[in-house]
Amino acid sequence: MGENDRALADYNEAIRLDPNNQVALANRGILYMKLSDARHARADFNSVLALPPGDQWAADTAREGLGFLK
């Protein structure tokens, strides 16, 4: 809704509180893609995939996001 700075702050806080939050990492990766920040998006997507399997949506989103970034 155009409040990218607030969304980024919310995702950062969620990840600070739970560094293994795959959904927050995937969503932040999507936001970084929207902001044309491929380096940070790639890092978040790779972080999702490096964690033990958990949230299927987050893993699928991370794989798809990495495909777009190549």
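Keep in mind the model is a prediction, meaning the values are calculated, not measured.

## Brief notes about a nonpolar patch on the surface
Together, V23, I30 and W57 give the surface a local cluster of nonpolar side chains, amounting to about 250 Å² of exposed area. Looking at where I30 falls in the secondary structure, it is placed in helix α2 (residues 22-34).

## Regarding the nonpolar core
Ranked by size, the top nonpolar core spans 15 residues in total, and within it L25, A41, F45 and V48 carry the most contacts. Broken down by secondary-structure element, the contributors of at least two residues to this core are α1 (4-17), α2, α3 (38-50) and α4 (56-69). Ranked by the residues each element gives to this core, the list is headed by α2, at five residues. Non-local contacts of L25, meaning those with residues more than four positions away in its chain, are made with I15, P19, D44, S47, V48 and L51.

## With respect to the environment of M33
Topologically, M33 is positioned in helix α2. Spatially, the C-alpha atoms of M33 and R6 are 16 Å apart, while their sequence positions differ by 27 residues. Contact partners of M33, with chain neighbours within four places excluded, come to A41, F45, G65, F68 and L69.

## Some points on unusual backbone geometry
Positive phi is not limited to glycine here, since S36 has a value of about 60 degrees. Within the secondary structure, S36 is located in the loop between α2 and α3. Residue class for S36 comes out exposed when judged on its relative accessible area of 68%.

## Looking at the packing of α1 against α2
Axis separation between α1 and α2 bottoms out at 9 Å; the angle between their running directions is 150 degrees. Taken together, α1 and α2 sit at an angle that is classed as roughly antiparallel. For the element pair α1 and α2, the recorded crossing hand is left-handed. When α1 is examined against α2, the residues N4, A7, L8, Y11, N12, A14 and I15 are found in contact with a partner set consisting of A24, L25, N27, R28, L31, Y32 and K34. When grouped by side-chain class, the residues that make up the contact of α1 with α2 number nine nonpolar, three polar and two charged.

Cut-offs applied
- Just so you know, the residues in each chain are numbered from 1, in the order the chain's sequence is written.
- Thresholds applied to this predicted model are a pLDDT of at least 70 for local features of residues and 80 or more for the giving and counting of side-chain atom pairs; totals over whole chains, interfaces and linings are not thresholded and use all residues.
- Where side-chain values are given, they derive from all heavy atoms of the structure, hydrogens and water being excluded.
- Patch members must show over 30% relative accessible area and no salt bridge, and they are joined within 9 Å when carrying like charges or within 5 Å when they are nonpolar side chains of Val, Leu, Ile, Met, Phe, Trp or Tyr.
- Residue-level accessible areas treat just the shown protein chains as cover; the underlying method is Shrake-Rupley with a 1.4 Å probe.
- Take a side-chain nitrogen of Lys or Arg and a carboxyl oxygen of Asp or Glu: if they are within 4 Å of each other, that pair is a salt bridge.
- The helix count covers DSSP runs of H or I at least four residues long, the strand count covers runs of E at least two residues long, and both are numbered beginning at the N terminus.
- We call a set of buried residues a nonpolar core when its members are Ala, Val, Leu, Ile, Met, Phe, Trp, Tyr or Cys and they connect through side-chain atoms within 4.5 Å of each other.
- Partly exposed describes any residue whose relative accessible area lies between the buried limit of under 20% and the exposed limit of over 50%, with all areas from a 1.4 Å probe on protein chains only and scaled to the type maximum.
- Here, residues are in contact when the closest pair of their heavy atoms is within 4.5 Å.
- Axes, fitted as lines to C-alpha atoms, cover a helix only where it is in contact. Angles between the N-to-C directions of the axes lie from 0 to 180 degrees.
- Angles below 35 degrees are treated as roughly parallel, those above 145 as roughly antiparallel, those between 65 and 115 as roughly perpendicular, and all remaining angles as oblique.
- By definition, any crossing whose near helix is turned counterclockwise from its far helix by less than a right angle is left-handed, and any crossing with a clockwise turn is right-handed.
- Under the convention adopted here, Pro, Cys and the residues Ala, Val, Leu, Ile, Met, Phe, Trp and Tyr are nonpolar, Asp, Glu, Lys and Arg are charged, and Gly plus all remaining residues are polar.

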